[in-house]
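# Commentary on secondary and tertiary structure
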Amino acid sequence: MKLNVKNIRYLSGDDWRVLTATEMGSRNHEVVPTPLISQLASLRAGGIPRCISNLAKIGLIAKVKNAKYDGYRLTYGGLDYLALHTHTKASTVYSVGNQIGVGKESDIFVCASETGKQLVLKIHRLGRISFRTVKANRDYLRNRSSASWMYMSRLAATKEFEFMKALRDAGFPVPEPVAQNRHTVIMSLIDAFPMRQISAVAEPAALYAELLSLIVQLAQHGLIHGDFNEFNILIEEKVDEESGEVTLIPTVIDFPQMISIDHMNAEYYFDRDVQCIKRYFSRRFGFTSDEPGPFFKDAIKTITKRIDVEVEASGFSKKMAKELDNYMKEHGVDGDAGDIEKAEEDEDEDDEEDGASDRDSEDGGVTLDGSTGLSDDISSAAVKDDEQS
Ligand code: ADP
Ligand code: MG
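Note that the coordinates shown come from a computational prediction; the quantities given were computed from them, not determined experimentally. (Residues numbered from 1 in each chain as written. Chains lettered and ligands numbered in written order. Predicted model: local features only at pLDDT ≥ 70, side-chain atom pairs only at ≥ 80, totals over all residues.)

## Considering the nonpolar core
Formed by 89 residues in total, the largest nonpolar core has its most connected members in Val18, Ala219 and Ile277. The dominant element in this core, judged by the number of residues it contributes, is helix α6 (residues 146-169), at eleven residues. Setting aside anything within four residues of it in sequence, one finds Ala219 in contact with Ile224, Ile261, Phe270, Phe296, Ala299 and Ile300. (Core = buried A, V, L, I, M, F, W, Y, C linked by C-beta atoms within 7 Å. Buried ≥ 20, exposed ≤ 12 C-beta atoms within 10 Å, placed from the backbone. Helix = DSSP H or I, 4+ residues; strand = E, 2+ residues; numbered from the N terminus. Contact = placed C-beta atoms within 7 Å.)

Rendered as structure tokens:
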């Protein structure tokens, strides 16, 4: 989905109030009646139509004719703007640049902080219509409720952020969690590519052992990743300056489908994560180990810490977990794992598809702050320009 941030700095304070009012109204109304928007925004009556028309013109809200009344609904674009606005006001994000990933349930962008530090903006988009299964689609349309996609996307972002924090604290190699708002997560940019894009590894045995050990260590912390595959493992190459030796350092990402070791099907997901790595190393790097396992039963014999329990007690409750779980099951959200076997059938044709592309371009992207009045061109070096002014 497109994220066109160029209009963000042209919105007036009143526009933001009306956008926020539409969001508030949509908690209880599929279509928010215009008078309710007015009331929630509490602007002078005369100001409302103009703001509504501004917001509708750039697609942040959309007019809907209901059987009973006319009103508006917040669009994904509107929700994106609200989240970005919050990140900007909190001085977390200053500009947004290239899109580096498109998933089924998320969009990933590079962005920058005020100090020019490169970050990643992950926008969760649950409920984006999948064209793959017509039936699921029809079911989706029947159950469509804006509250549900907004709420579920927010749950996914909350879950991802809470787990990233806990994993990071426990010393796991994950990005640094920076902020979360609505359906978005801001994290550090890992200067690495998904393992999917690495064609050869000098010593696969070492990396293989490290990845399987991560799966085991996660289980010892109460967790199963649930989507531990070549798309969700970023590999950084570190070259030792003296010896010239290359070490591969993995970072694990993508946590909305993480489950507890107490989950009914925990063993199945644990085995699936293990098999993912085994199959990939065999197919891509021609590496197979003689050692069986690791096995779930052995892994959970030594429990170091219960991150699953810890997270439940803090930011992501059992109730939220259940809601998200049910929604994902109902809508066939199953990470990338389900697609991998299929992808391997038409192997090697789709290597370019999953896109970490021009990451290394020098873009500062588009600033979100109305004050600078910079170019609309998404590739303008906004951060640098600003330094000069
Ligand atoms: P999805 O849920 O859509 O699979 P992911 O979190 O797996 O989303 O991200 C999709 C892609 O975006 C990854 O495969 C990777 O190429 C890129 N990506 C995501 N997060 C980061 C990050 N923190 N640093 C660098 N690249 C990232
Ligand atoms: Mg992923």
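## Examining the pairing of strand β4 (residues 95-102)
Bridging between β4 and strand β5 (residues 106-112) involves five bridges; their strand directions are antiparallel. By the bridge assignment for β5, Val102 is matched with Asp107. Linkage of β4 to β5, two consecutive antiparallel strands, is achieved through a turn of three residues. As defined by bridge partners, β4 adjoins strand β14 (residues 366-367) across two bridges and the pair is classed as antiparallel. (Pairing = 2+ DSSP bridges.)

## Observations concerning helix α1 (residues 13-25)
The end-to-end C-alpha distance of α1 is 18 Å, a good match for the 18 Å that 13 residues give at a rise of 1.5 Å each. All of the buried residues in α1 are Asp15, Val18, Leu19, Ala21, Thr22 and Gly25. Along the long axis of α1, the arc covered by the buried residues comes to 160°, so they all point the same way. On its buried face, α1 is in contact with β1 (32-33), α2 (34-41), α3 (48-57), β2 (61-65), β3 (70-74) and α4 (76-89). (Expected span 1.5 Å × (residues − 1). Arc of directions from axis to C-beta.)

## Observations concerning the site of ligand 1
For ligand 1, the set of nearby residues contains 20 residues, the closest of which are Gly101, Gly103, Ser106, Ile190 and Asp254. Counting only elements with at least two residues in the shell around ligand 1, the list comes to β4, β5 and β6 (118-124). Considered class by class, the residues forming the shell around ligand 1 number twelve nonpolar, four polar and four charged. Taken domain by domain, the shell around ligand 1 gets at least three of its residues from each of domain 2 (91-190 + 357-388) and domain 3 (193-345). (Near = placed C-beta within 6 Å. Nonpolar A, V, L, I, M, F, W, Y, C, P; charged D, E, K, R; others polar. Domains from an automatic or database assignment.)

## Quick look at α2
Turn by turn, an α-helix covers 3.6 residues, leaving residues three or four places apart pointing in a common direction. Among the residues of α2, Leu36, Ile37 and Ala41 are the ones counted as buried. Along the long axis of α2, the arc covered by the buried residues comes to 125°, so they all point the same way. Buried-residue contacts for α2 involve α1, β1, α3 and β3. Two residues or fewer past α2, Ser42 is found with a positive phi of approximately 35°.

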